[in-house]
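Descriptive structure summary
Below, each chain spelled out in residue letters.
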Amino acid sequence: MLVPTLELLETARSGAFAIGAFNIYTLEGVRAVVAAAEAAASPAILQVLPKALELGGSAFITLCRSSAHHATVPMAVQLDHCADPAVIQSALDAGISSVMADGSHLPYAENLAFTRQMTDLAHGAGTMLEAELGRLSGKEDDWEVDAREACLTDPEQAIDFVSRTEADALAVCIGNVHGKYTRPPELDFDRLAAIAQRVSLPLVLHGTSGLPDELVSRSISHGICKFNVNTELRQAAVSAAAAYLGSHEAPELIGLMNAQIEAMQVPIREKLTLFGSVGQAAGGQHPSP
């Protein structure tokens with residue numbers, strides 16, 4: 001069933017587990033997330049990056065919404081990491097459940113102004129807005145930040161940011177990175193605890209792929225209730241495609257698609273288990289219109 005994103009996050013926070021937000025680019029990705037979530041009786045979020053939206057247009061959001069609506073578990077659809085107001089507006093027009101307005105690359109005052117503008121836009125459409133304070137290092141699609149420029153979230157600044165932007169969820173930077181970790185990750189849990197004590201919003205952690213299980217579990221115990229997952233799904237899809245094409249003299253498209261759907265379900269199931277959301281589908285969420 002299609003439900004409001006904020007309800008998923010609030011249910012996860014009260015239940016001391018986290019929601020997996022899985023970046024998907026194709027029909028195969030959508031089918032993989034829905035199938036894995038249903039098999040695990042787990043809520044989940046179908047998450048669309050701007051590049052995927054650019055390729056698939058509003059029809060891709062319609063596909064995601066329809067798939068979530070017909071799923072047997074609570075699901076939402078979110079636009080991820082978008083800094084373009086026009087793209088955010090197009091996603092809202094297409095019925096997206098929530099948007100992640102990314103002004104983290106801007107100076108603080110500009111990030112604050114941009115985020116407040118996008119919050120007003122999202123709330124005007126009756127949807128949730130996720131913001132980010134601080135800068136993650138790493139790479140995602142065409143978006144890249146050098147590690148030297150990465151900036152951790154300041155707990156005191158978070159109070160001002162949340163109050164003035166009226167965002168509904170906050171993505172924090174505590175040592176997490178996009179993509180692959182080039183060295184063992186070190187998350188600043190004291191910083192995360194300080195942020196959780198100062199703001200009442202659901203907290204989000206990007207850059208989950210590659211984080212050791214113990215750090216994920218500690219993050220949940222410190223207030224994280226949504227994790228973004230991208231790299232491992234892409235790797236599974238590409239590896240499955242290569243294996244299928246390499247082992248079939250006369251490959252056919254449906255077989256290729258099914259191979260990718262099956263392969264992506266493996267890391268999705270692992271993440272749902274790690275996030276503690278397996279069996280949590282009966283959380284009392286209300287369907288979205």
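Please read these numbers as outputs of a predicted model, since none were measured by experiment. Sequence positions are assigned chain by chain, starting from 1 and proceeding in written order. Given that this is a predicted model, residues contribute local features only at a pLDDT of at least 70 and side-chain atom pairs are listed and counted only at 80 or more, while totals for whole chains, interfaces and linings are drawn from all residues. Calculation of side-chain values draws on the structure's entire complement of heavy atoms; hydrogens and water are dropped beforehand.

1. A word on the pattern of salt bridges
By convention in these notes, a salt bridge is any Lys or Arg side-chain nitrogen within 4 Å of a carboxyl oxygen on Asp or Glu. Counted by the stated rule, this structure contains 10 salt bridges. Put simply, arginine 116 and aspartate 120 hold a salt bridge, and the shortest N to O gap is 3.1 Å. Residue arginine 116 and its partner aspartate 120 are located together in helix H6 (residues 108-124), separated by four residues, close to a single helical turn. Only protein chains enter the accessibility calculation, which uses a 1.4 Å probe; a residue whose area is less than 20% of its type maximum is buried, one above 50% is exposed, and one in between is partly exposed. A relative accessible area of 28% places arginine 116 in the partly exposed class. Labels follow the DSSP assignment, with helices taken as runs of H or I lasting at least four residues and strands as runs of E lasting at least two, numbered in each case from the N terminus.

2. Examining the nonpolar core
Counting residues in each nonpolar core, the largest one holds 72 residues, and the members touching the most others are Val33, Leu46, Met75, Ile88, Leu170, Val172 and Ile268. It only takes one pair of heavy atoms within 4.5 Å for two residues to be counted as in contact. Once residues lying within four places of it in the same chain are set aside, the contact partners of isoleucine 268 are Phe22, Ala32, Val33, Ala36 and Leu233. Side-chain atoms within 4.5 Å link the members of a nonpolar core, which is a set of buried Ala, Val, Leu, Ile, Met, Phe, Trp, Tyr and Cys residues. Membership of the second largest hydrophobic core comes to 14 residues, among which are Val3, Leu9, Ala12 and Ala171.

3. Describing the packing of aromatic side chains
For any two aromatic rings, the description comes down to two numbers: the centre-to-centre distance and the angle of the planes. For Phe, Tyr and Trp, where Trp contributes only its six-membered ring, two rings pair if their centres lie within 6.5 Å, and the inter-plane angle classes them as stacked under 30 degrees, edge-to-face over 60, or tilted in between. Summed over the entire model, instances satisfying the criterion amount to two aromatic pairs. Pairing phenylalanine 227 with phenylalanine 275 gives two aromatic rings, centres 4.7 Å apart and planes at 15°, and the pair type is stacked. Highlighted residues: phenylalanine 227 in strand E11 (residues 224-229) and phenylalanine 275 in the segment after helix H11 (253-274), separated in sequence by 48 residues.

4. What about the sheet that holds strand E2 (residues 44-48)?
Spatially, the eight strands close up into a barrel ordered E1-E2-E3-E4-E5-E8-E10-E11, and their pairing is parallel. Between one strand axis and the next, the sheet turns by 25° as a mean value, whatever way the strands run. Note: strand E1 (residues 19-23) against E2, three bridges, orientation parallel. By the bridge assignment for E2, asparagine 23 is matched with glutamine 47. The convention used is that axes are lines fitted to C-alpha atoms, helices contributing only their stretch in contact, and that angles between N-to-C directions extend from 0 to 180 degrees. Relative to the sheet, H6 contacts strand E3 (75-82), strand E4 (98-101) and strand E5 (128-133), its axis offset from that of E5 by approximately 170°. DSSP bridges decide pairing: two strands pair if at least two such bridges lie between them.

5. A word on the packing of helix H7 (residues 155-165) against helix H8 (residues 189-198)
Packing of H7 against H8 brings their axes to within 9 Å, and their N-to-C directions diverge by 35°. Helix-helix and strand crossings are classified by hand; for H7 and H8 the assignment is right-handed. For the pair H7 and H8, contact is made by Pro155, Glu156 and Ile159 and by Arg191, Ala194, Ile195 and Arg198, respectively. Think of it as three bins: nonpolar holds Ala, Val, Leu, Ile, Met, Phe, Trp, Tyr, Cys and Pro, charged holds Asp, Glu, Lys and Arg, and polar takes everything else, Gly as well. When the residues that make up the contact of H7 with H8 are grouped by side-chain class, the tally is four nonpolar, no polar and three charged. In this scheme the handedness of a crossing depends on how the near helix is turned from the far one: anticlockwise by less than a right angle means left-handed, clockwise means right-handed.

6. What about unusual backbone geometry?
Positive phi outside glycine occurs at alanine 16, with the angle close to 60°. Position of alanine 16 relative to the elements: it lies in the loop between helix H1 (5-15) and E1. Overall, the relative accessible area of 60% leaves alanine 16 in the exposed class. Phi angles above zero are rare outside glycine, and histidine 81 is one such case at about 45°. Within the fold, histidine 81 resides in strand E3.

7. Thoughts on the side chain of glutamate 132
The topology assignment puts glutamate 132 in strand E5. Every residue in contact with glutamate 132, bar those within four places of it in the chain, is listed here: His81, Met100, Ala101, Asp102, Ser104, Asn111, Phe161, Leu170, Ala171, Cys173 and His206.

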